[in-house]
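Summary of the model geometry
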Amino acid sequence: MTGNIFAFFSASAKAAGDKPCLVEGNESRLRYDELDSTTARWASALVAAGAAPSDRILVQVEKSVENVLLYLASLRAGLVYVPLNTAYTAAELEYFIGDAEPAIIICDPAKREAISPIVGDAALFTLGSDGAGSLIDHVETAADSSFETVARDDDDLAAICYTSGTTGRSKGAMLSHANLISNALVLRDYWHWQADDILIHALPVYHVHGLFVALHLALLGGSTIRFHRSFDADAVLDDMAQATVLMGVPTFYVRLAAHDRLTRETTASIRLFLSGSAPLLESTFAVFAAKTGHQILERYGMTEAGMICSNPYDGDRIPGTVGFPLPSVEARVADETGVEVIRGEPGVLEIKGPSLFRGYWQNPDKTAEEMRVDGYFVTGDIATMDIDGRVAIVGRAKDLIIAGGLNIYPKEIELTIDAMAGVRESAVIGVPHPDLGEAAVAVVVRETDGLDEAAILDAIAGGLARFKQPRRILFADALPRNAMGKVQKAKLRDEHRALFSD
Ligand code: MLC
Ligand code: AMP
């Protein structure tokens, strides 16, 4: 039994003493010697609110220090944390609530009215200043400053993270405490995490990059976290002189590389720039290196498996590659039957290891579809592995768009557009975008000429999160199809490749 991941953070906090843990602006919001008592009060408040170990707690709130405390308290109380992107609409939320069946839901005060009718049996709280409706009120009044961290077995879940699928329906990836502990320990060693590291945290805390990779490494290391509620290149540059590590999606680096304040001097105290969640362009790597002297370290991962591959800390960081499988990961590049291809040939990356998830929540069929009989998980990413084991992600077997590090599943958008009167069919594709890496574009075949771009965008605006909404709607007389009748998205992507180029 490896236990509750919070126990690891607690041990590091003891060693860190009165060092600042969370710093926002120039204000220390939490010291390491306060971590135990503060999260104890939050965990007690959750228990007082009716939560019991293994209950799901569904959380859709703007990033804040309180949000981080809530997450840590949830781990400590043995709850299963279900984070959701704040961009999801009430219609999208209803699906997650029905699927996760949470005991507790936490939302922002502004969303309480819209969410109240759809919470079912769950208790609804906010993290705002709305009195009895706020969990903070319970933290301040009812709660105890000591709390026995709930013991967890290897299979006990710490979180369910939703990731969409090719059918258009999101699936909840079940992650155990043991999954999260193993990944954090491996990364700590691989990236040479140091006791005096100071992390700039500007990622959202509703996805695995900001929630697990960034927070866990910092907490495990007893490192100070310079907390940003969102990414702003100026604010991050202002902070660099006081930090040693930055983690980001490629869009962070695109925006920093274009900034005139990015220089050798402004980045002098940083020892490690990490990038992941989407491909880092070789041109971004090169411009960043030329302006700063730093080689961005690119790694590759996914919700179901945590971090999988990483460029080396000491060896060559080669742009266009994601480095080597992490020491705990077994990886192979395979054909469609799961047989390893010749080194250097492209195939689908399959992996196995202690950070691999426990399956999709209440969806054993979907889990089985993506697992080989010998325990390998099929990532859906097309990769090559060279003779030394270095991996490059060269494409995707799954129909997925990644914009600014956020996943967009075309099927979900196509279903929405196809349901509109006047639409015969649609295909949603990802095309290169200078800021986001890729942007979603819909190619629509109309029944009648009346429908225009604005009308379609308006119609989907209320139901789909903003980041999923296509940046452009284009019209065609027909969609290109192959002999089997399958839409040839590659052809459409080629045709519209230059849509957003400068
Ligand atoms: C914001 N918008 C986006 C978007 N982010 N649209 C598409 N894709 C995105 N990623 C919308 C906004 O709603 C807004 O709409 C408009 O685009 C302009 O927003 P912005 O102000 O320019 O965006 P910003 O707030 O600066 O956000 C961009 C960003 C952010 C890249 C900083 O999206 C971000 O932090 N992304 C990180 C996502 C992440 O953590 N991914 C990790 C997943 S885990 P309007 O209405 O103004 O037009 C994973 C596994 C792994 O993948 O390996 O790590
Ligand atoms: P998610 O489901 O949100 O966890 O996204 C995981 C997906 O992001 C992976 O399957 C990859 O397609 C993609 N991804 C993550 N890191 C990288 C990277 N460094 N290069 C290319 N793709 C990446």
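In what follows, the accompanying structure is described. Values in this document were obtained by computation on a predicted structure and should not be read as measured data.

1. Some remarks on the sheet that holds strand 13 (residues 297–302)
Strand order in the open sheet formed by nine strands is 2-1-10-9-11-12-13-14-15, with mixed pairing between adjacent strands. Two strands close off the open sheet at either side, each with one partner strand: strand 2 (27–31) and strand 15 (324–325). Bridge count between strand 1 (residues 20–24) and strand 2: four bridges; the pairing is antiparallel. Bridge pairing in strand 2 places L22 opposite L30. Across the sheet, helix 10 (residues 250–257) is in contact with strand 11 (245–248) and strand 12 (272–275); its angle to strand 11 comes to roughly 115 degrees.

2. Re the packing of aromatic side chains
Enumeration over the complete set of coordinates arrives at twelve aromatic pairs. On the basis of an interplanar angle of 50 degrees and a centroid distance of 6.3 Å, the ring pair of Y88 and F467 is categorised as tilted. Taken as a pair, Y88 in the loop between strand 4 (80–83) and helix 4 (90–100) and F467 in the loop between helix 14 (453–461) and strand 24 (472–475) lie far apart in primary sequence, 379 residues in all. Looking at Y88, the relative accessible area reads 10%, which means it is buried. Classification of F467 as buried rests on a relative accessible area of 16%. Seen from their ring centres, F231 and F252 are 4.0 Å apart, and the 15 degrees between their planes marks the pair as stacked. Here F231, found in the loop between strand 10 (224–227) and helix 9 (233–239), pairs with F252, found in helix 10; they are 21 residues apart in sequence, far enough to count as distant. Accessibility classification places F231 together with F252 in one group, the buried group. Between the NZ or CZ atom of K63 and the centre of the ring of F227, over which it lies, the distance is 4.8 Å. Over the aromatic face of Y313 sits the side chain of R317, whose NZ or CZ is 5.5 Å from the ring centroid.

3. Some remarks on the site of ligand 2
The local shell around ligand 2 holds 15 residues, among which E298, R299, T303, D381 and K398 are the closest. Backbone polar atom of S277 to a nitrogen atom of ligand 2: 3.1 Å apart, as the coordinates give it. Contact between ligand 2 and R299: a nitrogen atom at 2.7 Å from a main-chain N or O atom of the residue. A total of 500 Å² of accessible area belongs to ligand 2 in isolation, and the protein chains cover 93% of it. Counting residues per element, the shell around ligand 2 draws most heavily on strand 13, which supplies five residues. Partitioning the shell around ligand 2 into residue classes produces six nonpolar, four polar and five charged.

4. Focus on the packing of helix 1 (residues 5–16) against helix 8 (residues 208–221)
Across the interface, helix 1 lies against helix 8 with an axial gap of 7 Å and an inter-helix angle of 45 degrees. The angle between the axes of helix 1 and helix 8 places the two elements in the oblique class. For the pair helix 1 and helix 8, the contacting residues are I5, F8, F9 and S12 in the first and H216, L219 and L220 in the second. Here the contact of helix 1 with helix 8 is built from residues that sort into five nonpolar, two polar and no charged.

5. Regarding helix 11 (residues 282–292)
Every buried residue of helix 11 is accounted for by T284, F285, F288 and T292. Looking down the long axis of helix 11, one finds its buried residues gathered within 100 degrees of arc, a one-sided arrangement. Looking at helix 11, the residues exposed on the side facing more than 90 degrees away from the buried face are E282 and A290. Taken together, the buried residues of helix 11 touch helix 10 and strand 12. G293 lies just past helix 11 and shows a positive phi near 85 degrees.

Definitions and limits used
- Residues numbered from 1 in each chain as written.
- Chains lettered and ligands numbered in written order.
- Predicted model: local features only at pLDDT ≥ 70, side-chain atom pairs only at ≥ 80, totals over all residues.
- Heavy atoms only, no water.
- Pairing = 2+ DSSP bridges.
- Helix = DSSP H or I, 4+ residues; strand = E, 2+ residues; numbered from the N terminus.
- Contact = heavy atoms within 4.5 Å.
- Axes fitted to C-alpha atoms, helices over the stretch in contact; angles between N-to-C directions.
- Phe/Tyr/Trp six-rings, centres within 6.5 Å; stacked < 30°, edge-to-face > 60°.
- Buried < 20%, exposed > 50% of the residue type's maximum accessible area, 1.4 Å probe, protein only.
- Lys NZ or Arg CZ within 6 Å of the ring centre and 35° of its normal.
- Near = heavy atom within 4 Å.
- Polar contact = N/O pair within 3.5 Å; in protein donor to acceptor, adjacent residues only side chain to side chain.
- Areas by Shrake-Rupley, 256 points an atom, 1.4 Å probe, with all protein chains shown as cover.
- Nonpolar A, V, L, I, M, F, W, Y, C, P; charged D, E, K, R; others polar.
- Parallel < 35°, antiparallel > 145°, perpendicular 65-115°, else oblique.
- Arc of directions from axis to C-beta.

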